[in-house]
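Coordinates in review
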Amino acid sequence: MTNSQKPKKQESGKQELPPTAWAVLGLLSFPGERTGYELKKWADSSLRFFYWSPAISQIYAELRRLEELGYAASARSGPEEVRAKRRYAITDAGREALAGWACGTADAGPPVLKHGLLLRVWLGHLAEPERLRAMVDEHLERTRGELAAVREALAEAGEVPEWAFPALALRWSERQHLAELELGEALRTDLAALAGAGGMARQADGDAPTPG
């Protein structure tokens with residue numbers, strides 16, 4: 001496999017790729033060659049804590065796209081391995097394109113929040129108060145588990161000098177999970193106060209609480 005492979009497609013301008021493609025190429029930008037399975041494992045222990053972890057099928061689809069563009073190259077393992085594996089590496093063209101995207105002037109855009117628990121709370125007038133409180137407790141427990149996983153990944157990243165910047169992202173994720181725990185505890189307090197005020201009774205109808 002050569003890192004100087006030229007792009008198979010000559011682009012007249014900047015290549016437009018979805019964020020998932022840049023994320024997969026980003027995983028390849030660190031030292032070493034990796035299989036699609038190894039990329040998925042790394043995404044699950046890093047990217048998912050602050051962005052999103054693509055499915056294994058999406059990773060392989062993006063790897064094929066990146067190879068077509070000449071941004072990645074692959075080679076199958078030799079007969080010394082019991083099961084043949086295809087390992088991928090970033091090319092010089094891929095690293096140049098990735099650096100251009102990472103340092104680009106385009107706005108990174110606002111963070112996208114899809115909070116399933118809050119959607120349920122928003123519909124709290126249709127739910128049983130006990131179930132709402134149970135969902136908050138489940139969310140807090142799950143968040144504590146995620147926080148433990150983030151800290152484990154952070155400890156691993158801290159031992160590798162080349163992962164200094166991924167460690168910064170994971171440290172941010174650690175703070176975000178701590179903040180989520182604080183918000184969850186406050187939400188539980190708010191639900192208790194609402195129940196105490198008699199406002200948790202289910203409502204079958206009524207005007208929506210929007211400005212009129």
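Cut-offs applied
All residue numbers refer to positions counted from 1 along the written sequence of the respective chain. Restriction of local features to residues with pLDDT of at least 70 applies here, the model being predicted, together with a cutoff of 80 or more for giving and counting side-chain atom pairs; totals for whole chains, interfaces and linings are based on all residues. For side-chain calculations, the full set of non-hydrogen atoms in the structure is used, while hydrogens and water are omitted. Residue types Ala, Val, Leu, Ile, Met, Phe, Trp, Tyr and Cys, when buried and joined through side-chain atoms within 4.5 Å, form a set referred to as a nonpolar core. A 1.4 Å probe rolled over the protein chains alone gives each residue an accessible area, and that area as a share of the maximum for its type sets the label: buried under 20%, exposed over 50%, partly exposed in between. Secondary structure counts use DSSP, requiring at least four H or I residues in a row for a helix and at least two E residues in a row for a strand, with both numbered from the N terminus. Residue contacts follow a heavy-atom distance rule, with two residues in contact if any of their heavy atoms lie within 4.5 Å. Note on geometry: axes are lines fitted to C-alpha atoms, helical ones only across the stretch in contact, with angles between N-to-C directions running from 0 to 180 degrees. For classification purposes, an angle smaller than 35 degrees is called roughly parallel, one larger than 145 roughly antiparallel, one from 65 to 115 roughly perpendicular, and anything else oblique. Crossings are classed by handedness, with left-handed meaning an anticlockwise turn of the near helix from the far one by less than a right angle and right-handed meaning a clockwise turn. In summary, the pairing rule links any two rings of Phe, Tyr or Trp, Trp by its six-membered ring, whose centres are within 6.5 Å, and it sorts them by plane angle into stacked for under 30 degrees, edge-to-face for over 60 and tilted for everything else.

All right, on to the nonpolar core then. General note: in soluble globular proteins, nonpolar side chains tend to be found buried as a group. In terms of nonpolar packing, the biggest core is built from 24 residues, with L17, L25, L28, L39, L63, L66 and Y71 touching the most fellow members. Elements represented by at least two residues in this core include exactly helix 1 (19–28), helix 2 (36–44), helix 3 (56–69), strand 2 (86–90) and helix 4 (92–102). Top element by residues in this core is helix 1. It accounts for 7 residues. Those residues in contact with L66 that sit more than four places away from it in its chain are L17, A21, V24, L25, Y71 and A72.

Another point: the packing of helix 2 against helix 3. Think of two packed helices as two axes; the pair is described by the angle between the axes and how far apart they sit. Between helix 2 and helix 3, whose axes approach to 9 Å, the crossing angle comes to 120°. If you check the angle between helix 2 and helix 3, you find them oblique. Here the hand of the crossing between helix 2 and helix 3 comes out right-handed. Between helix 2 and helix 3, the residues in contact are G36, Y37, L39 and K40 and I56, I59, Y60 and L63, respectively.

For the rest of this paragraph, the subject is the packing of aromatic side chains. If you walk through the whole model with that rule in mind, you get 3 aromatic pairs. Considering the side-chain rings of F30 and W42, the 5.1 Å spacing of their centres and the 65° angle between planes classify their relative orientation as edge-to-face. In this pair, F30 is assigned in the loop between helix 1 and helix 2 and W42 in helix 2, connecting sequence segments 12 residues apart. With relative accessibility at 13%, the residue W42 sits in the buried group. For the pair W42 and W163, a centre-to-centre distance of 5.3 Å together with 35° between the ring planes defines the contact as tilted. With a gap of 121 residues between them, W42 in helix 2 and W163 in the loop between helix 6 (129–157) and helix 7 (164–196) connect regions that are remote in the sequence. One aromatic cluster is present, built from ring pairs that chain together F30, W42 and W163.

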